[in-house]
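Observations on chain architecture
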Amino acid sequence: MNDIPAVTLASDLPHRVDVLVVGGGPAGSMAAITAVRAGLRTMLVDRVVHPREKVCGCCLAPRGQTVLRLAGLAGVLQDASPIRHVRLACGDRAARVPRRDTLVLSRAQLDGRLLRAAAEAGVILAWPFVACVKGDGINRLRGPGGEHTVQARMRVVADGLQGVSLRDNPRFAWRVQRTSRMGVGGLLAAGAVDVEEGEIHMRVDHAGYVGMVRLPDGRIDVAAAVRPHALRACGRVEDCMTRLLGPALRDARAARDATWHGTAALWRRRRNLHDADILVAGDAASYVEPFTGEGMGWALATGAAAGTHAAAVLRGQASADAWTARVRALTGQARMRCSLVACMLRHPLLVQAAIGSATMLPGMAAKVAESLGAAHEEHETPCRA
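Residues numbered from 1 in each chain as written. Predicted model: local features only at pLDDT ≥ 70, side-chain atom pairs only at ≥ 80, totals over all residues. Heavy atoms only, no water.

**Let's talk about the nonpolar core**
Core analysis: the biggest nonpolar cluster contains 70 residues, and Met30, Met43, Leu73 and Val280 have the highest contact counts within it. At nine residues, helix α7 (residues 294-314) tops the list of elements feeding residues into this core. The residues contacting Val280, other than those within four sequence positions of it, are Val157, Leu166, Phe172, Arg270, Leu273, Ala285, Trp323 and Val327. Formed by 24 residues, the second largest nonpolar core is a distinct cluster that contains Ile220, Leu245, Ala248 and Ala255. (Core = buried A, V, L, I, M, F, W, Y, C linked by side-chain atoms within 4.5 Å. Buried < 20%, exposed > 50% of the residue type's maximum accessible area, 1.4 Å probe, protein only. Helix = DSSP H or I, 4+ residues; strand = E, 2+ residues; numbered from the N terminus. Contact = heavy atoms within 4.5 Å.)

Right under this line is the structure:
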């Protein structure tokens, strides 16, 4: 997994490329792959060394799997574990809802395999470099060996919720929901929490909600959305996570000793998603607490579309101005569904009512669950101006 070829010194970086992709997650990798396949000299940079673990639910819904298959990258999902059901718990009530066609794979494996596929396709990979995306195609990369300037005809920004490449550009300022929750995640040893193989176990509390899933290697991936005031009231992240895990926690010491990672406020969107030579994709564009694999599906879909759209812009076949509409077409309905579910999860009484309904009407609950992350068909031709 550590044999991903990458440039690691500023002096070895190229001075000019056709497309610069910032961010080495699923969106960035897919953007780079589709851009280089379109015949463009493409470089992908990231501020961290890959592979690495990341705060993430690690689930991949049908939509994301479809994107990978259409790109000829189904092999990325080899040895991923299938999900059979979701166990939703709140207080002393719980329900199991069937969940088909969802897979589980650690982010280190998924990202590493996608980046390796990008390198094999001809993408120049470079890390650890912090990118600053400027006007007129100028990009400053700061990392080992100093600072380096790269000129790019198109830029795809896919550096996630906490990316800094557009920090100095007010056109791309974030709009953050005031009541947004923060993300917290970590990895626990096998058996540390009560989660069955093939299960997503979600627990809802007034402090937030947490999801647990068993990875193919047996470790438990834990990802939570936590109210900021609850996190402050608990004092320590591990204490807050212990509360959220509740009766599902079998080994309290494992939670105390785990390395927990946090994110910025989750519910947010950019003021703009494009400029004349900039496209923003994946979590760097917007985020609304997606569930059961929705988030990675959005990232893969918008990333793949960004690479093809960048190529079309450079060939005069499309306009960068059409990018925002294309992102909305790809993610709009899914974002709305997830927004509704996120709002419900903020109210434990509503969750308990939903659990009761799922118990009495399992067929309807299964249909609702299957709608999250469902495959989405999108025309290959990018939107035109």
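**Examining unusual backbone geometry**
Note the cis peptide between His50 and Pro51, where omega equals 0°. You can see Pro51 is positioned in the loop between β2 (42-45) and β3 (59-60). Cis geometry marks the peptide bond from Trp127 to Pro128, where omega comes out at -5°. As for its placement among the helices and strands, Pro128 is situated in the loop between β6 (124-126) and β7 (130-133). Positive phi, close to 65°, is recorded for Cys58, a residue that is not glycine. Mapping Cys58 onto the fold places it in the loop between β2 and β3. Owing to a relative accessible area of 2%, Cys58 belongs among the buried residues under this scheme. Positive phi is not limited to glycine here, since Asp136 has a value of about 60°.

**Brief notes about the environment of Ala276**
Relative to the helices and strands, Ala276 is located in the loop between β17 (274-275) and β18 (278-280). Residue classification places Ala276 among the exposed residues on the basis of a relative accessible area of 58%. For the pair formed by Ala276 and Trp127, sequence separation is 149 residues and the distance between their alpha carbons is 26 Å. Ignoring sequence-local partners within four residues, the contact set of Ala276 consists of Met154 and Ala320.

**Some points on the pairing of strand β14 (residues 220-226)**
Burial analysis of β14 places seven of its seven residues in the buried class, the great majority of the element. Neither face of β14 is exposed, since Ile220, Val222, Ala224 and Val226 on one face and Asp221, Ala223 and Ala225 on the opposite face are all buried. Across seven bridges, strand β11 (residues 182-188) lies against β14 in antiparallel orientation. Along β14, the bridge assignment pairs Val184 with Ala224. Across seven bridges, strand β13 (residues 208-214) lies against β14 in antiparallel orientation. Paired with Val213 across the bridge in β14 is Asp221. Remark: five residues form the turn of the hairpin made by β13 and β14, two consecutive strands paired antiparallel; Gly218 in that turn has positive phi of roughly 100°. (Pairing = 2+ DSSP bridges.)

Read these as geometric descriptors, not functional statements.
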